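What follows is the residue order along each chain.
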Amino acid sequence: EVFRAFDQRLERKVAIKVLRAGVASAEAQARFLAEARAASALNHPHVVTIHDVGTADGAPYMVMEWLEGETLRRKLASGPLPMAEVRRVAAAVAAALAAAHAAGILHRDLKPENIMLTADGRVKVLDFGIARRLTPADTDLEATSLTRAGTLVGTPGYMSPEQVRGEALDARSDQFAFGAVLYEMASGRRAFSGASLADRQAAVLLGQPEPLTRVNPQAPAPLQWLIELCLGKPAGEDEA
């Protein structure tokens, strides 16, 4: 649950995210705090700032900066973004992910709901609540587990194939989600859709979205190439 609050000491609005103690298990609460601490290590203009993390009355909480604006999901309700806006938002999100990966953190739930477009023109990546710490020393960015191995977390339609299968993840999983978001910004439709959870998972594992240049003829070819690179399946890598 997320609440708007007022910090009386610093006289500013904040957002407080709380994991209710009576609902979540002790393990889930421990993960919440561990992952919040990992995300709080980030200090980047395109990542939401976490001011504090702790526990009150048995309930873990995070205190974050309050952002005025709308999510990318709400923005997309009116259709695809202009190409200039696609480039601006994409560059900001890519920079945020790059900073997270450099700090050893995998987001694992990038989607339009977790991207905020503020009233003053900033782009912020939100909700590292299921983030996973990576080992910075590993050149292949192998994940160091903050959640139980094989646990399926994320949002169907944006989760990478290896994420759907419950396999080990690295930075390429975030890149896959980035490609899905990029496609949606430029086309106004989801890259991987379906009537059910199983349908969306199957679309990720077996399908490819309709080429962007066919859906939106105004989209430049390099954007289509970038999306194809992000959403590429292992079986098609040799062809690329």
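The rules behind each value
- Residues numbered from 1 in each chain as written.
- Predicted model: local features only at pLDDT ≥ 70, side-chain atom pairs only at ≥ 80, totals over all residues.
- Heavy atoms only, no water.
- Core = buried A, V, L, I, M, F, W, Y, C linked by side-chain atoms within 4.5 Å.
- Buried < 20%, exposed > 50% of the residue type's maximum accessible area, 1.4 Å probe, protein only.
- Contact = heavy atoms within 4.5 Å.
- Pairing = 2+ DSSP bridges.
- Helix = DSSP H or I, 4+ residues; strand = E, 2+ residues; numbered from the N terminus.
- Axes fitted to C-alpha atoms, helices over the stretch in contact; angles between N-to-C directions.
- Salt bridge = Lys/Arg side-chain N within 4 Å of Asp/Glu carboxyl O.

Visitor: Looking at this structure, how should I read the nonpolar core?
Guide: A general trend in soluble globular proteins is that nonpolar side chains are found buried together. Judged by nonpolar contacts, the single largest core of 56 residues is most densely connected at Val93, Leu110, Ile115, Met185 and Leu223. When sequence neighbours within four positions are dropped, the list of residues in contact with valine 93 reads Leu110, Ile115, Val123, Val125 and Phe178.

Visitor: Can you help me understand the sheet that holds strand β1 (residues 2-7) in this one?
Guide: Within a beta sheet, neighbouring strands are joined by backbone hydrogen bonds and run either parallel or antiparallel to one another. Spatially, four strands are ordered β1-β2-β4-β3 in an open sheet, and the strand pairing comes out antiparallel. The open sheet has two edge strands with one neighbour each: β1 and β3 (50-56). For this sheet, the mean angle separating the axes of adjacent strands, direction not counted, is 30°. Bridge count for β3 against strand β4 (residues 59-65) is six bridges, and the pairing is antiparallel. By the bridge assignment for β4, valine 53 is matched with methionine 62.

Visitor: Any chance you could explain the pattern of salt bridges here in plain terms?
Guide: If the charged atoms of two oppositely charged side chains come close together, the side chains can form a pair. Applying the stated criterion across every chain, the model contains 14 salt bridges. Notably, a salt bridge pairs aspartate 7 with arginine 12, separated by 3.9 Å at the nearest N-O pair. Arginine 12 sits in the partly exposed class, given a relative accessible area of 30%. Between aspartate 109 and lysine 111 there is a salt bridge, with the nearest N and O atoms lying 3.6 Å from each other. As far as the burial class goes, aspartate 109 and lysine 111 line up, both buried. Here the residues in one salt-bridge network are Asp7, Arg9 and Arg12, joined through shared partners.

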